[in-house]
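Each chain is listed here by its residues.
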Amino acid sequence: MPAKQTAGSKFSPEEGRFPAHIGVIMDGNGRWAVRRGRVRTQGHLEGLKTAKKIVKAASDMGISYLTLYVFSTENWKRTAEEVGFIMGLVKQYLSAELDFFRQNRIRIRHAGDARGLPPEIAGEIRAVCDDTRDFAGLQVILALNYGGRDEIIRGIKRLLEAPPSGGEFTEASFRQYLDNPDVPDPDLIIRTAGEMRISNFLLWEGAYTEYWVSEKMWPDFTEDDLAAAIERFRGRERRYGGVQG
Ligand code: IPE
Ligand code: IPE
Ligand code: MG
């Protein structure tokens with residue numbers, strides 16, 4: 001029986017299998033706000049507070065990689081006001097948390113198409129990624145203007161510009177053209193707000209990822225919910241197409 005994982009406790013390898021990479025589809029900010037008679041943007045503001053808590057909890061637990069789905073390639077369909085508000089929050093988050101990243105040795109990375117972002121957001125991300133590049137603690141990958149299909153298409157374009165030299169072309173060779181080739185595939189993807197879909201998140205990388213869906217809206221998600229998701233993950237049997245071991 002593995003020891004129960006609680007928020008705030010660190011994983012140790014002796015406790016058995018734990019997820020090195022967790023992805024989170026942080027959904028339900030809008031519904032959280034509307035249900036309270038508030039505007040959708042208030043939900044994003046609350047959602048940011050949850051994201052900060054979950055980053056801290058993942059860092060304290062000793063998780064290696066945390067990919068947060070912040071803004072998809074499809075989210076541009078929303079009103080200019082909502083999109084502008086989310087972009088403003090991202091910029092504010094990155095500059096306000098820099099000391100926290102430094103203190104906790106957290107490395108920030110980006111997944112997605114930076115060229116499609118407003119220049120000041122792309123610049124801020126680049127600056128924070130550069131600033132935290134050498135930190136060996138938790139790596140937080142911000143999926144911003146990210147789409148799984150878009151990542152694959154951009155990868156193919158890069159491949160056509162700089163084809164691999166010789167040898168058999170394999171899944172491993174294609175991986176080198178994705179946004180963060182050195183980041184291992186996610187072990188666990190958590191989605192909040194009850195929706196049973198991928199919404200274009202980590203399509204290539206998530207081929208054999210375990211999914212866990214919470215009915216809670218993202219602003220209501222807690223460190224204990226994260227710990228519960230990890231605990232459930234640890235009880236799963238991953239077969240990768242093989243047979244029960
Ligand atoms: C997730 O919450 C945040 C983003 C997609 C940017 P939503 O804004 O999608 O919230 P719901 O799904 O409308 O409740
Ligand atoms: C997924 O949520 C994207 C993010 C959480 C950033 P959406 O709210 O955009 O997904 P759909 O529209 O419900 O599939
Ligand atoms: Mg949504």
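Details of the structure are given in the entry above.
These figures come from a predicted structure and were not determined experimentally.

## A few points about the pattern of salt bridges
In step 1: All told, the structure shown has 24 salt bridges when counted by the stated rule.
In step 2: A salt bridge links E195 to R31; its shortest N-O distance comes to 3.1 Å. Taken as a pair, E195 in the loop between β5 (188-191) and β6 (210-213) and R31 in helix α1 (residues 29-35) lie far apart in primary sequence, 164 residues in all.
In step 3: Residue R31 is classed as partly exposed on the basis of its relative accessible area, which comes to 28%.
In step 4: The partner of R239 in a salt bridge is E237, with the nearest N and O atoms 3.0 Å apart.

## What about the site of ligand 2?
In step 1: With respect to spatial proximity, the complete set of residues near ligand 2 consists of I25, M26, D27, Y69, V70, F71, N75, R78, R191, R197 and S199.
In step 2: At 2.9 Å, a side-chain N or O of N75 approaches an oxygen atom of ligand 2.
In step 3: The separation between an oxygen atom of ligand 2 and a polar side-chain atom of R78 is 3.3 Å.
In step 4: Expressed as a share of its isolated accessible area of 390 Å², the protein-covered part of ligand 2 is 78%.
In step 5: Ranked by residue count, the leading element in the shell around ligand 2 is strand β2 (residues 65-72), at 3 residues.
In step 6: Residues that form the shell around ligand 2 fall into these classes: 5 nonpolar, 2 polar and 4 charged.

## Some details on helix α5 (residues 119-131)
In step 1: If you check α5, its first and last C-alpha atoms are 18 Å apart, about what 13 residues at 1.5 Å a residue would give, namely 18 Å.
In step 2: Within α5, burial applies to I121, A122, E124, I125, V128 and C129. Angularly, the buried residues of α5 cover 160° about the axis, an arc narrow enough to put them on a single face. Turned more than 90 degrees away from the buried face of α5, the exposed residues are P119 and R126.

## A word on the layout of surface pockets
In step 1: Counted as a void, the largest pocket has a volume near 770 Å³.
In step 2: Around the largest pocket sit 33 residues that line it, and M26, Y69, V70, F71 and N75 are the ones nearest its centre.
In step 3: Put simply, the parts of the chain that give the lining of the largest pocket at least two residues each are α1, α2 (40-61), β2, α3 (80-96) and β4 (139-146).
In step 4: Looking at the lining of the largest pocket, its residues break down into 15 nonpolar, 9 polar and 9 charged.
In step 5: Of the voids in this model, the second largest pocket is the one considered here, and its volume is about 380 Å³.

## Describing the side chain of E205
In step 1: Its location among the elements puts E205 in the loop between β5 and β6.
In step 2: In this structure, E205 is in contact with Y146, E151, L178, D185 and P186, ignoring residues within four places of it in sequence.

## Structural notes on the pairing of β6
In step 1: Where burial is concerned, the two faces of β6 differ: the one with E210 and W212 is buried and the one with Y211 and V213 is not.
In step 2: Across 4 bridges, the pairing between β5 and β6 is parallel. Following the sheet pairing, R191 is matched in β6 by V213.

## Examining the sheet that holds β2
In step 1: An order of β3-β4-β2-β1-β5-β6 is seen for the 6 strands of this open sheet, with the pairing classed as parallel. Every interior strand has two partners, whereas the edge strands, β3 (107-111) and β6, have only one. When the angles between neighbouring strand axes are averaged without regard to direction, this sheet yields 20°.
In step 2: Note that strand β1 (residues 21-25) and β5 share 4 bridges and pair parallel. Across the sheet, residue V24 finds its bridge partner in β5, namely I190.
In step 3: Helix-sheet contacts for α3 involve β2, β3 and β4, and the interaxial angle to β2 is about 150°.
In step 4: With respect to the sheet, α5 is in contact with β3 and β4, its orientation differing from that of β3 by roughly 140°.

## Digging into the site of ligand 1
In step 1: Close to ligand 1 lie 13 residues; D27, G30, R31, R40 and R78 are nearest.
In step 2: Contacts to ligand 1 include D27, whose side-chain N or O atom sits 2.8 Å from an oxygen atom.
In step 3: One of the backbone N or O atoms of G30 is found 2.9 Å from an oxygen atom in ligand 1.
In step 4: In isolation ligand 1 exposes 380 Å². Once the protein is present, 86% of that is buried.
In step 5: More than half of the atoms belonging to ligand 1 lie within 2 Å of the grid points that define the largest pocket.
In step 6: Those elements that place two or more of their residues in the shell around ligand 1 are α1, α2 and α3.
In step 7: Element by element, the count of residues in the shell around ligand 1 is highest for α1, at 3 residues.
In step 8: Its residues assigned to classes, the shell around ligand 1 comprises 3 nonpolar, 5 polar and 5 charged.

Thresholds applied
- Residues numbered from 1 in each chain as written.
- Chains lettered and ligands numbered in written order.
- Predicted model: local features only at pLDDT ≥ 70, side-chain atom pairs only at ≥ 80, totals over all residues.
- Heavy atoms only, no water.
- Salt bridge = Lys/Arg side-chain N within 4 Å of Asp/Glu carboxyl O.
- Helix = DSSP H or I, 4+ residues; strand = E, 2+ residues; numbered from the N terminus.
- Buried < 20%, exposed > 50% of the residue type's maximum accessible area, 1.4 Å probe, protein only.
- Near = heavy atom within 4 Å.
- Polar contact = N/O pair within 3.5 Å; in protein donor to acceptor, adjacent residues only side chain to side chain.
- Areas by Shrake-Rupley, 256 points an atom, 1.4 Å probe, with all protein chains shown as cover.
- Nonpolar A, V, L, I, M, F, W, Y, C, P; charged D, E, K, R; others polar.
- Expected span 1.5 Å × (residues − 1).
- Arc of directions from axis to C-beta.
- 1 Å grid on protein atoms, 1.4 Å probe; cavity = no way out; pocket = protein on both sides within 12 Å on 5 of 7 lines; lining within 4 Å.
- Points joined across faces, edges and corners; volume = space filled by probe spheres on them.
- Contact = heavy atoms within 4.5 Å.
- Pairing = 2+ DSSP bridges.
- Axes fitted to C-alpha atoms, helices over the stretch in contact; angles between N-to-C directions.
- Sits in = over half its atoms within 2 Å of the grid points.

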